[in-house]
Amino acid sequence: MKKLINDPLNVANELVEGLVDAYNGEAVHVGARSLVLKNIQDGKVALLVGGGSGHEPIYHGLVGRNLADGAACGDIFAAPPPDIVFEATQAVHRGKGVLYLYGNYAGDVMNFDIGSELADEEGIPVKTVLIWDDVASAPPTEKHKRRGIAGLVPVVKLAGAASQTATSLDSLEATARKAVLQTRSVGVALAPGAIPATGKPTFDLEEDKIGLGMGIHGEQGVAELPMQTADDLTPMMLNLIFEDFEKDAEVAPLSAGDEIVFFVNSLGATTMMECLICLRKARQFLTERGLIIHDVIVGPLVTCQEMAGISFSITRLDEELKPLWDMPCQSFCYSKMAGSWGA
Amino acid sequence: MPKTALDAPQVISMLQEVCQAIIAAEPLLTDADRALGDGDHGLGMQRGMTAALEKLGALDPESTGIDKAFSTVGMAMMSTMGGASGALFGTLFRNGGKAIAGNSHFGTAELAELLKVGLEGVMSRGGAKPGDKTMIDALHPAAEKALQEAAAGSPFAEAINAVAAAGEAGRDASENLIATMGRAKTLGEKSLGKPDAGACSVAIILRTMAEFSAK
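Starting afresh in each chain, residues are numbered from 1 along the sequence in its written order. Each chain is given a letter, starting from A, and each ligand a number, starting from 1, according to the order in which they appear as written. Local features in this predicted model are restricted to residues whose pLDDT is 70 or higher, and side-chain atom pairs enter the listing and the counts only when it is 80 or higher, whereas totals over whole chains, interfaces and linings include all residues.

1. Side note on the overall build of chain A
Defined as follows: Helix and strand definitions follow DSSP, with helices as H or I runs of at least four residues and strands as E runs of at least two, each counted in order from the N terminus. Radius of gyration: C-alpha atoms only; globule rule: 2.2 Å multiplied by the number of residues to the exponent 0.38. Three exposure classes are used. Buried residues have 20 or more other C-beta atoms within 10 Å of their own C-beta, exposed residues have 12 or fewer, and partly exposed residues fall in between, all C-beta atoms being placed from the backbone. Each residue is represented by a C-beta atom placed from its backbone, and any two residues with such atoms within 7 Å are regarded as in contact.
Broken down by element type, chain A carries 8 helices and 14 strands. Relative to a compact globule of 343 residues, whose C-alpha radius of gyration would be 20 Å, chain A shows 19 Å and is just as compact. Per-residue burial for chain A yields a buried fraction of 53% across its 343 residues. Pairs at least 24 apart in sequence give 72% of the contacts found in chain A among residues at least 6 apart.

Here it is, written out as structure tokens:
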């Protein structure tokens with residue numbers, strides 16, 4: 001795989017430098033490898049995201065207005081070390097504590113936890129909310145084993161909005177937990193991406209097969225299936241999300257009248273054309289079931305290099321989450337005006 | 001002549017030898033991890049121990065506590081390795097070091113306390129237990145042995161030699177375990193017949209400590 005890079009071992013540092021350039025002064029580089037908003041209001045409950053690099057425009061691209069205040073960036077596909085998490089924590093803290101919000105991966109959890117212990121030693125209160133939206137990665141009774149995938153975009157959007165008015169770290173934590181609980185995703189892998197340092201594929205998948213529920217690094221999914229058409233695959237994937245809401249005792253089933261945000265994500269190489277063809281079928285499926293699509297996101301926001309594949313995420317809004325969704329936001333990864341399209 | 005207990009300058013020298021031993025073992029650790037994981041353990045440990053060596057060299061041996069020497073290694077590993085192994089080996093040295101703060105010498109009792117608390121830290125951080133085919137399968141028997149030696153009041157050089165042997169036996173026994181954690185878990189029974197790479201690192205660390213103490 002041809003990649004336009006320099007020293008393969010310096011990819012993560014150089015991409016973060018480029019990201020700072022893209023922010024054009026709105027966000028700055030802090031410590032070893034963190035990105036932090038230039039203007040964070042005093043007395044604000046801070047929101048920190050983060051994770052491995054190589055999945056751009058997330059996670060660091062979600063630093064922005066009414067979004068995350070900062071991001072701790074790891075090396076390619078690797079969790080940020082604790083001192084990077086700690087540096088980012090210090091940089092975003094404005095006296096009211098810091099909420100860590102990131103995808104549920106073992107390395108990330110260990111390193112963010114140590115970062116929070118370092119913060120604690122400095123008297124900075126930290127709470128953690130894990131994002132675990134991938135319904136294919138474990139049953140609803142074992143949510144602690146689920147991975148965080150594309151659902152992190154709507155979750156961070158909602159938590160970022162909530163952080164603007166949150167009066168305490170506890171109240172922001174509660175809203176973020178609700179956003180996670182109401183967000184479910186399912187993905188499908190068509191072909192692997194290539195690891196920048198080695199050029200090797202991140203996993204193996206036969207040419208005529210697709211990995212239903214396969215993780216963005218090739219983690220085991222639900223099934224390997226023969227290649228399908230968009231119209232056959234889309235309902236199959238959406239059914240997994242519906243079944244999950246139904247089976248999970250912690251949430252109500254998705255039912256007619258529910259208002260949702262629907263997100264079609266490309267893992268990188270899957271084209272906008274394919275995303276739109278799937279969206280067309282998905283809207284049919286969702287409206288037939290009486291769901292009200294309050295807003296739509298389409299695009300390659302949670303990627304794994306040139307991996308081919310797609311994921312669908314559904315976030316159910318309620319009277320608390322809907323006004324948060326309708327707040328405007330701006331970042332490198334995702335921006336929107338006030339309200340929703342079509343409203 | 002076998003040492004009875006180590007003072008802070010000796011602890012720093014011992015840890016420098018540990019760093020060098022792991023750096024030299026990179027090909028062995030890489031091979032072990034390539035068989036079961038994603039093959040990055042050797043390079044990660046090499047990177048962590050290279051940073052630790054530099055940090056140890058910058059310490060003032062006369063004014064550094066023995067706890068600080070261990071936690072310096074832990075912080076260097078955490079900062080430079082990233083991922084799960086940086087967090088776990090970092091926790092082993094950092095928590096273990098903290099547990100012996102205030103002690104002026106590193107003897108059998110301190111060895112037992114360091115391994116006991118380090119092991120607890122690794123287990124609570126990573127969620128693995130003995131038998132999961134991880135670094136714990138070398139660390140757990142080593143810590144148990146150290147506690148026995150401390151209870152028996154064994155001389156330090158003898159005790160650490162027995163602890164290293166227990167770690168090596170644990171590493172060897174990990175060949176017969178099926179991986180249930182990390183990336184190797186998808187291999188299932190295919191993981192049989194090979195030792196865990198993290199357990200190999202633990203065995204090398206303990207053996208190097210024992211060799212230093214026997215000199």
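There's more to say after this.
2. Regarding the overall build of chain B
For chain B, the helix and strand inventory stands at 9 helices and 0 strands. Counting from the amino terminus, chain B carries its helices and strands in the arrangement α-α-α-α-α-α-α-α-α. Its C-alpha atoms put chain B at 50 × 35 × 30 Å along the principal axes. Counting only residues that meet the buried cut, chain B has 59% of its 215 residues in that class. Within chain B, contacts between residues at least 6 apart in sequence are counted, and of these 69% link residues at least 24 apart.

3. Some thoughts on the sheet that holds strand β12 (residues 292-299) of chain A
Working definition: the strands of a sheet are paired by backbone hydrogen bonds and lie parallel or antiparallel to each other. Residues and elements named next belong to chain A. This is how the line gets drawn: Between any two strands, pairing holds if DSSP finds at least two bridges. Only the contacting stretch of a helix is used when fitting its axis, a line to C-alpha atoms as for every element, and angles between N-to-C directions run 0 to 180 degrees.
Spatially, the 6 strands line up as an open sheet ordered β10-β9-β8-β13-β11-β12, and their pairing is mixed. For this open sheet the edge positions go to β10 (223-226) and β12, each flanked by a neighbour on one side alone. Between one strand axis and the next, the sheet turns by 20° as a mean value, whatever way the strands run. Across the sheet, helix α6 (residues 230-247) touches β8 (183-191) and β13 (308-317), and the angle it forms with β8 is around 150°.

4. So, the interface of chain A and chain B
As a reminder of what qualifies: Lys, Arg, Asp and Glu make up the charged group, whereas Ala, Val, Leu, Ile, Met, Phe, Trp, Tyr, Cys and Pro make up the nonpolar group; the residues left over, Gly among them, are polar.
With 14 residues of chain A in contact, the opposing surface of chain B contributes 11 residues. The set of elements that each furnish at least two residues to the side of chain A that touches chain B consists of β5 (70-76), α2 (82-92) and α3 (106-121) of chain A. When residues in the side of chain A that touches chain B are grouped by element, the largest group, 5 residues, is from α3(A). In terms of residue class, the side of chain A that touches chain B is made up of 8 nonpolar, 4 polar and 2 charged.

5. Digging into helix α1 (residues 8-24) of chain B
Using the following cut-off: Helix span is expected to be 1.5 Å times the residue number reduced by one.
A rise of 1.5 Å per residue sets the reference length of α1(B), with its 17 residues, at 24 Å; its end C-alpha atoms lie 24 Å apart and thus fit the reference within 8%. Buried residues in α1(B) make contact with α3 (41-57), α4 (66-81) and α9 (197-214) of chain B.

6. Description of the environment of B:S13
Residue and element names in this part refer to chain B. Here S13 shows up in helix α1. Look at S13 and you get partly exposed, because 15 C-beta atoms sit within 10 Å. Here the alpha-carbon distance between S13 and G48, two residues 35 residues apart in the chain, equals 17 Å.

7. So, the domain arrangement of chain A
Residue and element names in this part refer to chain A. Which entries qualify depends on this criterion: Each domain's extent is set by a domain assignment, obtained either automatically or from a database.
For chain A, the domain assignment lists domain 1 (8-181) and domain 2 (184-331). Taking only C-alpha atoms, the centre of domain 1 and the centre of domain 2 are 22 Å apart. Listed per partner, the contact involves 39 residues of domain 1 and 42 residues of domain 2. Of all the secondary structure elements, the ones that give two or more residues to the side of domain 1 that touches domain 2 are β4 (64-65), α4 (152-165) and α5 (169-181). Among the elements that take part in the side of domain 1 that touches domain 2, α4 stands out by supplying 8 residues, more than any other.

8. Looking at the confidence of the model for chain B
Residue and element names in this part refer to chain B. Heads up, the rule is: Each residue carries a pLDDT score, the predictor's own confidence in it, on a scale running from 0 to 100.
Per-chain confidence: chain B averages 92 in pLDDT, with 95% of residues scoring 70 or above. Least confident of the elements in chain B is helix α2 (residues 26-36), whose mean pLDDT is 83; most confident is helix α7 (residues 136-152), at 98. The ipTM value of the predicted complex is 0.78, and its pTM value is 0.89.

9. A short note on the nonpolar core
Under the convention used in this document: Nonpolar cores are built from buried Ala, Val, Leu, Ile, Met, Phe, Trp, Tyr and Cys residues. These are joined into a set through C-beta atoms within 7 Å.
In terms of nonpolar packing, the biggest core is built from 178 residues, with A:L48, A:L62, A:A71, A:L99, A:L101, A:V156 and A:A159 touching the most fellow members. No other element matches the 11 residues that α9(B) contributes to this core. When residues of this core are assigned to domains, at least three map to each of domain 1 (8-181) and domain 2 (184-331) of chain A. Excluding anything up to four places from it in sequence, A:L62 contacts A:V49, A:L67, A:A68, A:A71, A:V156, A:S331, A:C333 and A:Y334.

10. A word on the sheet that holds strand β3 (residues 46-53) of chain A
Residues and elements named next belong to chain A. Taking strand neighbours across the sheet as the criterion, the 6 strands line up as β1-β2-β5-β3-β6-β7 in an open arrangement whose pairing is mixed. Every interior strand has two partners, whereas the edge strands, β1 (27-30) and β7 (126-131), have only one. Along the sheet, successive strands turn relative to each other by an average axial angle of 25°, direction set aside. Its contacts with the sheet put α5 on β6 (98-103) and β7, and the angle it makes with β7 is roughly 5°.

11. Looking at the pairing of β12(A)
All names here are of chain A. What counts, and what does not: Handedness of a crossover is defined as follows: orient the strands so they point away from the viewer, and if the path from the first strand over the helix to the second runs clockwise, the crossover is right-handed.
Pairing of strand β11 (residues 259-266) with β12 involves 7 bridges; the strand directions are parallel. In the strand pairing of β12, V264 is matched with V298. Since β11 and β12 lie parallel, the crossover through helix α7 (residues 272-288) that links them has a hand, and here it is right-handed.

12. Side note on the environment of A:Q330
Residue and element names in this part refer to chain A. Along the chain, the position of Q330 falls in strand β14 (residues 330-331). On the basis of neighbour counts, which here come to 13 C-beta atoms within 10 Å, the residue Q330 falls in the partly exposed class. In this structure the C-alpha to C-alpha distance between Q330 and T271, which are 59 residues apart in sequence, comes to 24 Å.

13. Thoughts on the pairing of β7(A)
Residues and elements named next belong to chain A. Where β6 and β7 come together, 6 bridges link them in parallel fashion. Considered in β7, the bridge of Y100 is made with T128. Between the parallel elements β6 and β7, the chain passes through α3 in a crossover that is right-handed.

14. Remarks on the packing of α1(B) against α3(B)
Residue and element names in this part refer to chain B. As a reminder of what qualifies: Roughly parallel means an angle under 35 degrees; roughly antiparallel, over 145; roughly perpendicular, 65 to 115; everything else is oblique. Rotating anticlockwise by less than a right angle from the far helix to the near helix defines a left-handed crossing, while the corresponding clockwise rotation defines a right-handed one.
One way to put it is that α1 packs onto α3 with a least axis distance of 9 Å and a crossing angle of 155°. Between α1 and α3, the angle is such that the two are roughly antiparallel. As α1 packs across α3, the resulting crossing turns out to be left-handed. Seen from α1, the contacting residues are I12, L15, Q16, C19, I22 and I23; seen from α3, they are M45, Q46, M49, T50, A52, L53 and L56.

15. Quick word on unusual backbone geometry
Residue and element names in this part refer to chain A. That bond from E56 to P57 is cis: its omega, 10°, falls within 30 degrees of zero. When you line up the elements, P57 lands in the loop between β3 and β4. Here the residue pair I58 and Y59 is connected by a cis peptide bond, since its omega of -15° sits within 30 degrees of zero. Topologically, Y59 is positioned in the loop between β3 and β4. For N24, which is not glycine, the phi torsion reads 55° and is therefore positive. Relative to the assigned elements, N24 resides in the loop between α1 (11-23) and β1. Positive phi, close to 55°, is recorded for Q305, a residue that is not glycine. Tracing the sequence through the fold places Q305 in the loop between β12 and β13.

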